[in-house]
Amino acid sequence: MHDGYLVGLIGSGIGPSLSPALHEREAAELGLDYRYRRWDLDDLGEPPSAVGELLARARAEGYRGLNITHPCKQLVLDHLDEVDEDAAALGAVNTVVFDGPRAVGHNTDHSGFARSLRRGLPDAALDRVLLLGAGGAGAAVAHALLGLEAGEVRIVDLDAERAAALAASLPERAVTGGHLDDELEKADGLVHATPTGMAAHPGLPVPAALLRPEMWVADVVYRPLATGLVLAARQLGCRVLDGGGMAVFQAVDAFRLFTGLEPNAERMLRHFAELEGAHV
């Protein structure tokens, strides 16, 4: 058992992140000396490509591990000594654990999303799901949906080549989608996995007029929790899953990786609700 844990988060525009408080609250409940620091690329004046240098610096400073978020989840792969099976399949890492001299990459986004969807929309139809976004979060969601036996996952991204590459890396039930209006007309549900809607990237990822009341809508963005997409979908009468559950459950898995201890997921959900309410 470590005397103390020093962990952090690398990403862009992460000032609003609730991860530090969420981790530290659970650690306090478990009697741990646990500090969680933000490494915001914007504040540091560093480009996303500096993630390797920041990783080396954190290891030298005695960090136990780091969470990795937009826009570094894929860039960090080149700077790791080992990547676990799930993260390798996803081509994205959101958690790095320093194991002696080795930096080992993991991905808790896919397990976090799967658990959130099962909990929040347990009977959601998954015959045809539209996934918007083919970056690190999109890859995690795609794997989660396929693991939940989705019939077809149709991937759309502003970068058509990136969408095609993700689809090609997955089982044949994942395919590149077409025009948004056609896809949304036929989808059972929509999962949004781009930064649009975050505090630093306000707006709607799809025109609200294309949403249908009978479809379900899930967003992975959680700051703010009520994104433009979540609000528009609720107003229309869609069943909606906000990004809070995924944020908590990926943190549960990351906490376990950092400490080797089992956190209390229900307690972390309560803490998240309190923290989110306090950070309007």
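Check the entry above for the structure.
This structure is a prediction, so every number in the text was calculated from the model and none was measured.

K.L.:
Mind showing me how you'd approach the overall build of the chain here?
P.N.:
When helices and strands are tallied, the chain shows 11 helices and 12 strands. Principal axes of the C-alpha set define a box for the chain whose edges measure 55 × 35 × 35 Å. Expressed as a percentage of contacts within the chain between residues at least 6 apart in sequence, the contacts between residues at least 24 apart total 67%. Accessible surface computed for the chain: about 12000 Å², of which carbon and sulfur atoms make up 49%.

K.L.:
How should I be thinking about the layout of surface pockets in this particular structure?
P.N.:
Over the atoms rolls a probe the size of a water molecule, and its path tells where empty space is left. Estimates place the volume of the largest pocket at around 1000 Å³. Looking at the largest pocket, it is lined by 46 residues, and the ones nearest its centre are His70, Ala137, Thr194, Pro195 and Met198. Those elements giving two or more residues to the lining of the largest pocket turn out to be β3 (65-68), α6 (136-147) and α10 (244-259). By residue class, the composition of the lining of the largest pocket is 24 nonpolar, 17 polar and five charged. Each of two domains, domain 1 (5-106 + 245-276) and domain 2 (110-241), supplies a minimum of three residues to the lining of the largest pocket. In this structure, the second largest pocket occupies an estimated 170 Å³ of space.

K.L.:
What's the story with the environment of Thr227 in this structure? I'm lost.
P.N.:
Note on placement: Thr227 falls in the loop between β11 (216-219) and α9 (228-236). Distance from Thr227 to Thr196, taken between C-alpha atoms, is 8.8 Å for residues 31 residues apart in sequence.

K.L.:
Please clarify how the packing of aromatic side chains should be interpreted in this entry.
P.N.:
In the structure shown here, the tally under the stated rule is four aromatic pairs. Pairing Tyr5 with Tyr34 gives two aromatic rings, centres 6.0 Å apart and planes at 40°, and the pair type is tilted. Of this pair, Tyr5 sits in strand β1 (residues 5-11) while Tyr34 is found in strand β2 (residues 34-40), placing the two residues 29 residues apart along the sequence. Tyr34 matches Tyr5 in its accessibility class, with the two residues each being buried. Arranged with centres 5.2 Å apart and planes meeting at 20°, the rings of Tyr34 and Phe255 form a pair that is stacked. Here Tyr34, found in strand β2, pairs with Phe255, found in helix α10; they are 221 residues apart in sequence, far enough to count as distant. Both residues of the pair, Tyr34 and Phe255, count as buried. Grouping aromatic residues by their ring pairs yields a cluster made of Tyr5, Tyr34 and Phe255. Between Arg57 and the ring centre of Trp39, over which it is positioned, the NZ or CZ distance is 4.5 Å.

K.L.:
Could you clarify how one ought to interpret the nonpolar core in this entry?
P.N.:
For soluble globular proteins, nonpolar side chains are generally found buried alongside one another. By size, the foremost hydrophobic cluster in this structure holds 31 residues, and its most contacted members are Phe113, Leu145, Ile155, Val191 and Trp216. Counting only elements with at least two residues in this core, the list comes to α5 (109-120), β7 (128-132), α6, β8 (152-156), α7 (160-169) and β11. When residues in this core are grouped by element, the largest group, seven residues, is from α6. When sequence neighbours within four positions are dropped, the list of residues in contact with Trp216 reads Leu117, Leu121, Ala124, Ala125, Leu126, Val129, Asp188, Gly189, Leu190, Val191 and Arg239. Listed in part, the 19 residues of the second largest apolar core include Leu6, Leu55, Val76 and Val93.

Rules used throughout
- Residues numbered from 1 in each chain as written.
- Predicted model: local features only at pLDDT ≥ 70, side-chain atom pairs only at ≥ 80, totals over all residues.
- Heavy atoms only, no water.
- Helix = DSSP H or I, 4+ residues; strand = E, 2+ residues; numbered from the N terminus.
- Contact = heavy atoms within 4.5 Å.
- Areas by Shrake-Rupley, 256 points an atom, 1.4 Å probe, with all protein chains shown as cover.
- 1 Å grid on protein atoms, 1.4 Å probe; cavity = no way out; pocket = protein on both sides within 12 Å on 5 of 7 lines; lining within 4 Å.
- Points joined across faces, edges and corners; volume = space filled by probe spheres on them.
- Nonpolar A, V, L, I, M, F, W, Y, C, P; charged D, E, K, R; others polar.
- Domains from an automatic or database assignment.
- Phe/Tyr/Trp six-rings, centres within 6.5 Å; stacked < 30°, edge-to-face > 60°.
- Buried < 20%, exposed > 50% of the residue type's maximum accessible area, 1.4 Å probe, protein only.
- Lys NZ or Arg CZ within 6 Å of the ring centre and 35° of its normal.
- Core = buried A, V, L, I, M, F, W, Y, C linked by side-chain atoms within 4.5 Å.

By themselves these figures say nothing about function.
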